[in-house]
Structures are given as C-alpha cells and as structure tokens.
Amino acid sequence: MKKRILMLVLAITTVVAAHAQGPRLGIRAGVNYAGFGGSDADNFDRIWGGHAGLTANFPLSADNFFSIQPELLYSMKGAENDGNTWKVKVNYLDVPVLGRVNAGPLYFEAGPQLSVKISDDREGSAPPTDDVKRTGLGYAAGVGLQSTPLGLSIGVRYNGDISKLYDNSNAPNYRNDVFMLTLGYSFGAR
C-alpha cells in the first residue's frame, strides 16, 4: 500500500512537471512545536525541534494561481511527559505533496504527507521507541506570505498523522501533532 502511494505521488509529480510552465526550486527551514495527539495522549507536553529541506513548485495555471508543491523535509518531532521526567524524539523525512493557492502575497496550502522515520531517541523513563512505525501517513495545511519577486516566504503550517505512531496493537493511540513556523526561498524568482 505504501509503495502504491509513493508511486502515485511520483506519477502525479511527473505529470504536473510535464504540463507545467516550469518549476521553481527552493529551500525551506524553520521551527517545529511538536507533540503527540490521539485518544491516549492526554498528559504530554510539546517539545521544540526544527525542519529543513527542499521544495519544488509546479504552476498549473498561466497566472500561477494554483500550483502543486512537493517537498522533502528533515523534521524533528516528539513529546515529553507532564513532569518532564522523560522525552521521546523521532526524526523523519517528510514528503508532503501540497496543493497551493497563490492569492497575491498570501498563499494557502494543503495535502497528504508521507513520513519515513530516520532515527529516534528517548530520554529518562520514556516508553520504548522500538515499536515506532517506520512510515506514517498524514496531512499538512498552512498559510503564509510570499514575495514573488524576491523569492522569500514565511508561513505557518500544521501537520498531523492519520496513522498511529506505534506498530504494536497494544500500544497507546499516539499520533504526531506538529505546528511549524517556516521560512522559504525560491531560486529564479520572477
């Protein structure tokens, strides 16, 4: 199933690239405010992390009102308990494929996201991280400001998981829950 989703994302990106007016490549970096959501995640505090990576924007209309923006981001996520006696950190490669509406200096974005675990770490008496899933499915949505002539943008984004964090069916129902403040730069600004 995961391979099919990845193949679908690649196929959509290829078709869009073939019909688009020309992609704009860019970079993105910022701060994550991450935690765990889900029905069993009542007693957690959020932790700070970061994200950084590459973006590509493929216009689908002549005026660039609508575009598709796939990204490849290194993203730090996790949570700690209320008493700060333990902390779980999980690092991912996130691959969001966002539909983007460019309304003057404002932009709105939303779409699915595939996350692939790179590493995890636990501090204190944190629950084991051995059962953390290798991949997860989720979604992302955000809003921001852009300066098209300069190629600069600043935005806020929320991303959450649809899939559970742990493989073990006896494990609590935790899901990644992340707010992002992100800065971007597109090369070849027009």
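All chains use their own residue numbering, which begins from 1 and follows the written sequence. This being a predicted model, a pLDDT of at least 70 is required before a residue's local features are given, and a value of 80 or more before pairs of side-chain atoms are given or counted; all residues contribute to the totals for chains, interfaces and linings. Based on all heavy atoms of the structure, the side-chain values leave hydrogens and waters out of the count.

Novice: Explain the overall build of the protein to me, and be specific about the residues and the numbers.
Specialist: Counting its regular elements, the protein contains one helix and nine strands. Counting all 190 residues of the protein, 45% fall into the buried class. Between two residues, a contact is recorded if the distance between any of their heavy atoms is within 4.5 Å. Put simply, of all contacts in the protein between residues at least 6 apart along the chain, 63% involve residues at least 24 apart. Just so you have it, the protein exposes about 9,700 Å², and 64% of that area is on carbon and sulfur atoms. By definition, any uninterrupted DSSP run of H or I lasting at least four residues is a helix, any uninterrupted run of E lasting at least two residues is a strand, and each is numbered from the N terminus. For each residue, the accessible area found with a 1.4 Å probe, counting protein chains only, is set against the maximum for its type, and the residue is called buried under 20%, exposed over 50%, and partly exposed in between. Here the accessible surface of atoms and residues is derived via Shrake-Rupley with a 1.4 Å probe, and residues count as covered only by protein chains that are part of the display.

Novice: Let's hear about the confidence of the model for the protein: which residues, and what values?
Specialist: Confidence scores per residue from the predictor, reported as pLDDT, run from 0 to 100. For the protein, per-residue confidence averages 85 on the pLDDT scale, and 85% of positions sit at 70 or higher. Low confidence marks residues 15-20, where pLDDT is under 50. Its contacts with residues over four positions away, or in another chain, come to six contacts.

Novice: Would you mind going over the layout of surface pockets in detail, with residue names and values included?
Specialist: Approximately 250 Å³ is the volume attributed to the largest pocket. Taken together, 20 residues line the largest pocket, and the ones lying closest to its centre are Arg24, Asn57, Arg100, Gln146 and Ser186. Among the secondary structure elements, those contributing two or more residues to the lining of the largest pocket are β1 (24-37), β3 (47-59), β5 (86-103), β7 (135-147), β8 (152-161) and β9 (175-186). Residue classes follow a fixed rule: Ala, Val, Leu, Ile, Met, Phe, Trp, Tyr, Cys and Pro count as nonpolar, while Asp, Glu, Lys and Arg count as charged, and any other residue, Gly among them, counts as polar. Looking at the lining of the largest pocket, its residues break down into three nonpolar, 13 polar and four charged. Put simply, the grid is 1 Å and covers the protein atoms alone, a cavity is a trapped set of points that fit a 1.4 Å probe, a pocket is an open set with protein on both sides within 12 Å along at least five of seven lines, and lining residues have an atom within 4 Å of a point. Grid points are joined across faces, edges and corners, and a volume is the space filled by probe spheres set on the points.

Novice: Account for the nonpolar core, with residues named and values stated.
Specialist: Only buried residues count toward a nonpolar core, which is a set of Ala, Val, Leu, Ile, Met, Phe, Trp, Tyr and Cys residues joined through side-chain atoms within 4.5 Å. Within the largest apolar cluster, 13 residues are counted, with the highest numbers of intra-cluster contacts made by Phe36, Phe44, Val132, Leu165, Tyr166 and Tyr174. Among the elements that line this core, the one with the most residues is β5, at four residues. In contact with Phe44, other than residues within four places in its own chain, are Phe36, Ala79, Glu80, Asn81, Asp82, Trp86 and Tyr174.

Novice: For empty space enclosed by the protein, give the residues involved together with the corresponding values.
Specialist: Empty space among the atoms can be located by rolling a probe the size of a water molecule over them. Taken as a whole, this structure holds one cavity of 30 Å³ or more when the rule is applied. Each pocket or cavity is described by its volume, and for the largest cavity that value is around 60 Å³. Around the largest cavity sit Lys77, Tyr92, Ser115, Lys133, Thr135, Gly136, Asp161, Ser163, Lys164, Leu165 and Asn176, which together line it. Of the residues in the lining of the largest cavity, the class split is two nonpolar, five polar and four charged.

Novice: So, the side chain of Lys117: which residues are in play, and what are the values?
Specialist: Tracing the chain through its elements places Lys117 in strand β6 (residues 106-124). Overall, the relative accessible area of 10% leaves Lys117 in the buried class. Only 2.9 Å separates the side chain of Lys117 from the side chain of Asp120, close enough to count as a polar contact. Whenever two N or O atoms come within 3.5 Å, that pair is a polar contact, provided that in protein one can donate a hydrogen and the other can accept it, and provided that, for residues adjacent in sequence, both atoms are side-chain atoms. There is a polar contact of 3.5 Å between the side chain of Lys117 and the backbone oxygen of Val132.

Novice: Describe a nonpolar patch on the surface, and please don't skip the residues or the numbers.
Specialist: Where nonpolar side chains cluster on the molecular surface, the patch consists of Leu25, Ile27, Leu54, Leu72, Tyr74, Met76, Leu93, Ile118, Leu150, Leu152, Tyr185 and Phe187 and spans about 1,100 Å² of accessible area. Elements with a minimum of two residues in the nonpolar patch: β1 and β4 (66-81). By the element assignment, Leu152 lies in strand β8. The exposure class of Leu152 is partly exposed, given its relative accessible area of 45%. Like charges within 9 Å and nonpolar side chains (Val, Leu, Ile, Met, Phe, Trp, Tyr) within 5 Å are joined into patches, using only residues over 30% in relative accessible area that form no salt bridge. Salt bridges are counted wherever a side-chain nitrogen of Lys or Arg sits within 4 Å of a carboxyl oxygen of Asp or Glu.

Novice: Tell me about the packing of aromatic side chains, and name the residues and values.
Specialist: Ring pairs (aromatic) are described by centroid distance and by the angle formed between their planes. Aromatic rings from Phe, Tyr and Trp, with only the six-membered ring used for Trp, were paired whenever their centres fell within 6.5 Å, and each pair was classed as stacked if the ring planes differed by under 30 degrees, edge-to-face if by over 60, and tilted otherwise. Applying the stated criterion across every chain yields a total of nine aromatic pairs. Taking 4.5 Å as the distance between ring centres and 35 degrees as the angle between the ring planes, the aromatic pair formed by Tyr33 and Trp48 counts as tilted. Highlighted residues: Tyr33 in strand β1 and Trp48 in strand β3, separated in sequence by 15 residues. A relative accessible area of 34% places Tyr33 in the partly exposed class.

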